[in-house]
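# Analysis of the macromolecular model
Listed below are the residues making up each chain.
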Amino acid sequence: MIRLRGIWHSYGSGYVLRDVSLDIGEDEVTAVVGINGAGKTTLAKVMAGLIRPSRGRVERSGLVGYVPQNPEYFFFEDTVFDEVAFGPRNLGMRGGELERNVRWALRVAGLEGLEERNPHTLSGGEKKRLAIACVLSMRPLHVVLDEPLANVDPPSRARLMDVMRSLGSVVLVTHDMGLVLELADRVVLLHGGKVVLDEGTEEFFQEDLTPYGLEKPLTLRLAEEMGLGFVRTEGELLERLSTGRAGVEDGS
Ligand SMILES: Nc1ncnc2c1ncn2[C@@H]1O[C@H](COP(=O)(O)OP(=O)(O)OP(=O)(O)O)[C@@H](O)[C@H]1O
Ligand SMILES: [Mg+2]
């Protein structure tokens, strides 16, 4: 559980978070969405304890791992292995336990074979996966990902989401509505630093999002236009379409 109560935050001139209260439960994937400057990264850092809010209370039931929006600025070790080992070593892990956690995190992030590379020489998607591995190796209860999976290919994305879900809760900070539709159980919409919507993903996408500068993904718009109901992915849309067509051909 991450519990936020009456959070206000200012960097100096005006509030960028305004009276935010939220409970992030275990075993759920929560998306935090909103346009540029809405306050998403600030809120994510407050959740992770990287920013102390100007006002309000934060409680956490376990370790919160934070994967930053621009991870390359956070890499400082000479090798991928040492980068992933840094967090757990800091938590006091040593020897076999440390080695096992690092190897496990490298494996689920698909970075095996890259252990000796300098983090700065990795590709964009590999850097993102390294940032996630750095957090997973600490076995956190909650993972907060800031614009997390944009460069990550679908197989790696599916594997990482499975692992993060199995640890506990996942918070996805993003304005990628396709990702929200595909992965989130719940959506929190920030606008001007305030929570303006907080509901299940299906209900969220029934709202008019245009006042908040967001758009429904095309997949969902097509499904609705064709009377196929709520779908989360292109794959699901295609499946419904072909089932529909088979029904017509059968004369049923
Ligand atoms: N260190 C800082 N000092 C001053 N202002 C800041 C600082 N960090 C963020 N801000 C301002 O706070 C507001 C919220 O920023 P934040 O990074 O939380 O937005 P965001 O929703 O994550 O946006 P994006 O979608 O562009 O990542 C913005 O107006 C931003 O300019
Ligand atoms: Mg941001």
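You'll find the structure just up there.
First, a word on scope: everything that follows refers to the structure included in this document. (Residues numbered from 1 in each chain as written. Chains lettered and ligands numbered in written order. Predicted model: local features only at pLDDT ≥ 70, side-chain atom pairs only at ≥ 80, totals over all residues. Heavy atoms only, no water.)

So, on to the site of ligand 1. The immediate surroundings of ligand 1 are formed by Y11, V16, I35, N36, G37, A38, G39, K40, T41, T42, Q69 and H175. Separating an oxygen atom of ligand 1 from a backbone N or O atom of A38 is a distance of 3.2 Å. Between ligand 1 and G39, the relevant distance is 3.0 Å, taken from an oxygen atom to a main-chain nitrogen or oxygen of the residue. Relative to its free-state accessible area of 640 Å², ligand 1 is covered by the protein chains to the extent of 58%. Ranked by the residues each element gives to the shell around ligand 1, the list is headed by helix α1 (residues 40-48), at 3 residues. Partitioned by chemical class, the residues of the shell around ligand 1 number 4 nonpolar, 7 polar and 1 charged. (Near = heavy atom within 4 Å. Polar contact = N/O pair within 3.5 Å; in protein donor to acceptor, adjacent residues only side chain to side chain. Areas by Shrake-Rupley, 256 points an atom, 1.4 Å probe, with all protein chains shown as cover. Helix = DSSP H or I, 4+ residues; strand = E, 2+ residues; numbered from the N terminus. Nonpolar A, V, L, I, M, F, W, Y, C, P; charged D, E, K, R; others polar.)

Burial along strand β5 (residues 64-67) is two-sided: V64 and Y66 facing one way and G65 and V67 facing the other are all buried. Bridge analysis of β5 against strand β6 (residues 142-146) gives 4 bridges, and the strand direction is parallel. Paired with Y66 across the strands is V144, a residue of β6. (Buried < 20%, exposed > 50% of the residue type's maximum accessible area, 1.4 Å probe, protein only. Pairing = 2+ DSSP bridges.)

Before going further, it helps to spend a moment on the packing of aromatic side chains. For the coordinates displayed, the defined rule picks out 3 aromatic pairs. Note on W8 and Y15: the rings are 5.0 Å apart at their centroids and 75 degrees apart in plane angle, and the pair reads as edge-to-face. For Y15, a relative accessible area of 33% puts it in the partly exposed group. Where F204 meets F205, the ring centres are 5.1 Å apart and the plane angle is 75 degrees; that geometry is what we call edge-to-face. Take F204 and F205: they sit in the same class, and that class is buried. For the cation-ring pair, R55 lies above W8, with the distance from its terminal atom to the ring centre recorded as 4.9 Å. (Phe/Tyr/Trp six-rings, centres within 6.5 Å; stacked < 30°, edge-to-face > 60°. Lys NZ or Arg CZ within 6 Å of the ring centre and 35° of its normal.)

Right, let's talk about the side chain of S169 for a bit. By the element assignment, S169 lies in strand β7 (residues 169-173). Polar contacts involving the side chain of S169 include one to the side chain of H142, which spans 2.5 Å. Setting aside residues up to four positions removed in sequence, S169 forms contacts with I24, G25, E26, D27, E28, L141, H142 and V143. (Contact = heavy atoms within 4.5 Å.)

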